[in-house]
Amino acid sequence: MTTYTAPINDFKFVLNDVVGLDRYANLPGFEEVSPDLVDAILEEAGKVASEVLHPINQSGDLEGCHWDDGVVTTPKGFKEAYDLYVESGWGSLTAKTEHGGQGLPQTIAIMVSEMMIAANWGFTMYPGLTKSAVEALDAHASDELKERYLANMVSGKWTGTMNLTEPHCGTDLGMIRTKADPQADGSYRISGTKIFISAGEHDLSENIIHLVLAKIPGGPAGTKGISLFLVPKFLVKDDGSLGARNGVSCGSIEHKMGIHSNATCVMNYDEATGYLVGEVNRGMPAMFTMMNEARLWVGIQGLGIAEVAHQNAVAYARDRLQGRAISGPKNADGPADPIIVHPDVRRMLMTGRAFTEGARAMAAIAGLQIDLVHHHPDEAVRQKADDYVALMTPVIKAYFTDMGVDVASLAVQTWGGHGFIQDNGVEQFLRDSRIAPIYEGTNGIQAMDLVGRKLGMNGGRAIQAFFAEVGQFIAENKSDPVLGPLVAELEKALGRQQQATMWLMQNGLAKPDNAGAAASDYLRLMALVAMGHVWGMMAKAAQTRLAEGADNPAFYEYKLVTARFFFDRLLPDTGSLLKKIESGSESLMALPADAF
């Protein structure tokens, strides 16, 4: 049986000492966010995660969801946990108050999401997808649709989904066949089949609101002819009560490698009544509101699974006796030393620690930028924040989820043969983690989005701002006796990313395969630079707190040690990544397809 304890002290450190949440108290949505309120939210979320959600994580995985003639039942305990989740208001944290939400900052919600995901990923997908659907409807739906649907979705009484993929097409959405026939009353008849629909059918909520991509006959070809539609499981009457069952059904659920407790559905639409969201043939921009929200959320899934896997690896490494330390016995009275004394085990544990703590700060900073986009009165600040979110979304989605797999794998490795045994629960983390680099746009697509779109958008404004911000931090801290050695490594890494960016500009346009071959390596290089910047910020904050005489000096001293590990052992990978990027695409593309 695995365990999970929310890292509350680390959340507080990030919010108070790294992000400096108190500096934004004058912004809408932040006025009521006192330190006491934040502490209460984090503490209560931690309790729900560890005491309610994690105890049904392994049992939910083993039982899975049940499909019977279109009816899907979630594992034992999930309905009761969902009712508690809804009654406690966890799904409404960031929603607008006019829709019944609490209007709290995304910065805090990201931390709550990490806890819930770490505790029980499969469960958290049900309300998580609803949050993304609410964001899309709030941004693009008519006032009539908002009034009819959003309050019940925000409360959790109804849930939401996104329906993109079809059996014959995934990423290439221009090939979708689901059609939407206009009706005289302004509604549409939706017909087609969607696959891989997470939370498409279940027993947790009274109604499920599907957001569906479809084509209106006679529209433009490809993605330009796609529109977005709201299709409820049950039709909603004028008085807000539920009416007849709509023409949408779950044909089956998938039997998957992981996230067994979340229903991944085949959804059949048989002239189901749907309502246009946004403009005709403008479905992709509307859906991207949901997808970009979801991509950041998937990045947090990578962080959450890494955190819970790391915690259980540490606990096992402290207890498991095996061999003697090569520097001499550390448990002289026992038959062997705990495996945490061995350098290679430390390598695995420190990698997990450096990633999770760095990713947590990166996620909080991204959350703050989202809040600034929505609430800051200065247009220039909003633009800069929006550029940052657009640039970092593919980086966070891809890097966090790749590392989620790596850290989960390291946890299994730390447990050794016992990690491979189902009863111990650690192997579930690795199975669950593997979907995140695939869904919401594979990580290869995220890399191509970064290299092919984000670097050049608005004349390179976002990447230049990123370079300037990291460069300013380096300039301000180079002479510091503690930070100087760390900053010197960050300066080298930043130089490598700038060199790689220039190489892409010179070689990617003339030969597009060079850009494709470099994309994943470039994304990882940028992620390491971004995390290096964040670790520099955390080291500076820890040093400041120590100088002030912090009550818990060990916490901040350990931050500095972990920072040194990151700069010594992880950031240097930027050198090999640059070498790979500059090797181009020749050897990668040289073999003809039939040679494989």
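The structure under discussion appears in the preceding block.
In short, a report on the structure. Every chain is numbered independently, its residues counted from 1 as its sequence is written. Where local features are concerned, this predicted model is filtered to residues with pLDDT of at least 70; where side-chain atom pairs are given and counted, the filter is 80 or more; whole-chain, interface and lining totals use all residues. The side-chain values count all of the structure's non-hydrogen atoms but skip hydrogen atoms and water molecules.

1. Some remarks on the side chain of Lys 233
Take Lys 233: it is sitting in the loop between strand S7 (226–232) and strand S8 (234–236). Categorising residues by exposure relies on relative accessible area from a 1.4 Å probe, with only protein chains included: less than 20% of the type maximum marks a residue as buried, more than 50% marks it as exposed, and the intermediate range marks it as partly exposed. Of the residues examined, Lys 233 reaches a relative accessible area of 8% and is grouped as buried. In contact with Lys 233, not counting residues within four places along its chain, are Glu 201, His 202, Asn 207, Ile 208, His 210, Arg 245, Asn 246 and Val 248. Secondary structure elements follow DSSP: runs of H or I no shorter than four residues count as helices, runs of E no shorter than two count as strands, and numbering proceeds from the N terminus. Contacts between residues were defined by any pair of non-hydrogen atoms, one from each residue, lying within 4.5 Å.

2. A short note on the state of the cysteines
Disulfides are defined as cysteine sulfur pairs within 2.5 Å. Applying the stated criterion across every chain yields a total of zero disulfides. The thiol of Cys 65 is unpaired, and the distance to the nearest cysteine sulfur, on Cys 265, comes to 7.8 Å. Residue Cys 65 is classed as buried on the basis of its relative accessible area of 14%.

3. Observations regarding the environment of Gly 584
Here Gly 584 is to be found in the loop between helix H17 (573–582) and helix H18 (586–589). Counting along the chain gives 66 residues from Gly 584 to Ala 518, while the straight-line C-alpha distance between them is 7.0 Å. What Gly 584 contacts, discounting residues up to four positions off in sequence, is Trp 503, Asn 514 and Ala 517.

4. Here we look at the packing of aromatic side chains
Note on ring pairs: Phe, Tyr and Trp rings are taken, using the six-membered ring of Trp, and paired if centres are within 6.5 Å. Classes follow the plane angle, with under 30 degrees stacked, over 60 edge-to-face and the rest tilted. Counted according to the given criterion, the structure contains 15 aromatic pairs. Judged by centre distance (5.8 Å) and plane angle (70 degrees), the ring pair of Tyr 85 and Phe 123 falls under edge-to-face. Linking Tyr 85 in helix H4 (residues 78–87) with Phe 123 in helix H6 (residues 121–140), this pair joins segments that are 38 residues apart in sequence. Accessibility assignment for this pair places Tyr 85 and Phe 123 in one class, buried. Connected via pairs of aromatic rings, a cluster forms that spans Phe 78, Tyr 82, Tyr 85 and Phe 123. Its guanidinium or amino end placed over the ring of Phe 234, Arg 245 lies 5.6 Å from that ring's centre, counting from NZ or CZ. We call a charge positioned over a ring when the NZ of a Lys or the CZ of an Arg lies within 6 Å of the ring centre and within 35 degrees of the ring normal. Seen from the ring of Phe 11, Arg 360 lies directly overhead, with NZ or CZ sitting 5.2 Å from the centre.

5. Let's talk about the pairing of strand S9 (residues 242–245)
One requirement defines pairing of two strands: DSSP has to find at least two bridges between them. Where S8 and S9 come together, two bridges link them in antiparallel fashion. When the bridges of S9 are listed, Val 236 appears paired with Leu 242.

6. As for the pattern of salt bridges
Any carboxyl oxygen of Asp or Glu that lies within 4 Å of a side-chain nitrogen of Lys or Arg is treated as forming a salt bridge with it. Here the structure, examined in full by the defined rule, presents 27 salt bridges. Close ionic contact of Lys 454 with Asp 449 constitutes a salt bridge, the shortest N to O distance being 3.0 Å. Accessibility assignment for this pair places Lys 454 and Asp 449 in one class, buried. Residues Glu 491 and Lys 478 are paired through a salt bridge, measuring 3.4 Å at the closest nitrogen-oxygen approach. With Glu 491 in helix H14 (residues 484–507) and Lys 478 in the loop between helix H13 (461–477) and H14, the pair connects residues that are 13 residues apart, well separated along the chain.

7. Remarks on helix H12 (residues 443–454)
Within H12, the full set of buried residues consists of Asn 443, Gln 446, Ala 447, Asp 449, Leu 450, Val 451 and Lys 454. On its buried face, H12 sits against helix H8 (283–319), helix H10 (379–415), H14 and helix H15 (512–547).

8. As for the environment of Met 290
Note that Met 290 resides in helix H8. The spatial distance from the C-alpha of Met 290 to the C-alpha of Leu 137 is 8.7 Å, given a sequence separation of 153 residues. Look past the residues within four positions of Met 290 in its chain and what remains in contact with it is Leu 129, Ser 132, Ala 133, Ala 136, Thr 161, Met 162 and Leu 211.

9. Some remarks on the side chain of Thr 130
Mapped onto the fold, Thr 130 is located in helix H6. Judged by relative accessible area, which is 4%, Thr 130 ranks as buried. If sequence neighbours within four positions are ignored, Thr 130 has contacts with Met 153, Trp 158, Thr 159 and Gly 160.

10. Observations regarding the packing of helix H9 (residues 343–375) against H10
A fitted line through C-alpha atoms serves as each axis, taken over the contacting stretch for helices, and the angle formed by two N-to-C directions is quoted from 0 to 180°. Between H9 and H10, whose axes approach to 9 Å, the crossing angle comes to 155 degrees. Comparing the axis directions of H9 and H10 gives the class roughly antiparallel. The handedness of the crossing between H9 and H10 comes out as left-handed. Amino acid classes used here: Ala, Val, Leu, Ile, Met, Phe, Trp, Tyr, Cys and Pro are nonpolar; Asp, Glu, Lys and Arg are charged; the rest, including Gly, are polar. In terms of residue class, the contact of H9 with H10 is built from 23 nonpolar, five polar and three charged. The scheme is simple: roughly parallel for angles under 35 degrees, roughly antiparallel for over 145, roughly perpendicular for 65 to 115, oblique for anything else. With the far helix as reference, a near helix turned anticlockwise by less than a right angle produces a left-handed crossing, and one turned clockwise produces a right-handed crossing.

11. Focus: the packing of H10 against helix H11 (residues 426–433)
At a minimum axis separation of 9 Å, H10 and H11 run at an interaxial angle of 160 degrees. By the criterion of interaxial angle, the relationship of H10 to H11 is roughly antiparallel. Where H10 crosses over H11, the two elements pack in a sense that is left-handed. The residues of H11 that touch H10, namely those facing Gly 404, Val 405, Ala 408, Ser 409, Ala 411, Val 412 and Trp 415, are Val 426, Glu 427, Phe 429, Leu 430 and Ser 433. Its residues assigned to classes, the contact of H10 with H11 comprises eight nonpolar, three polar and one charged.

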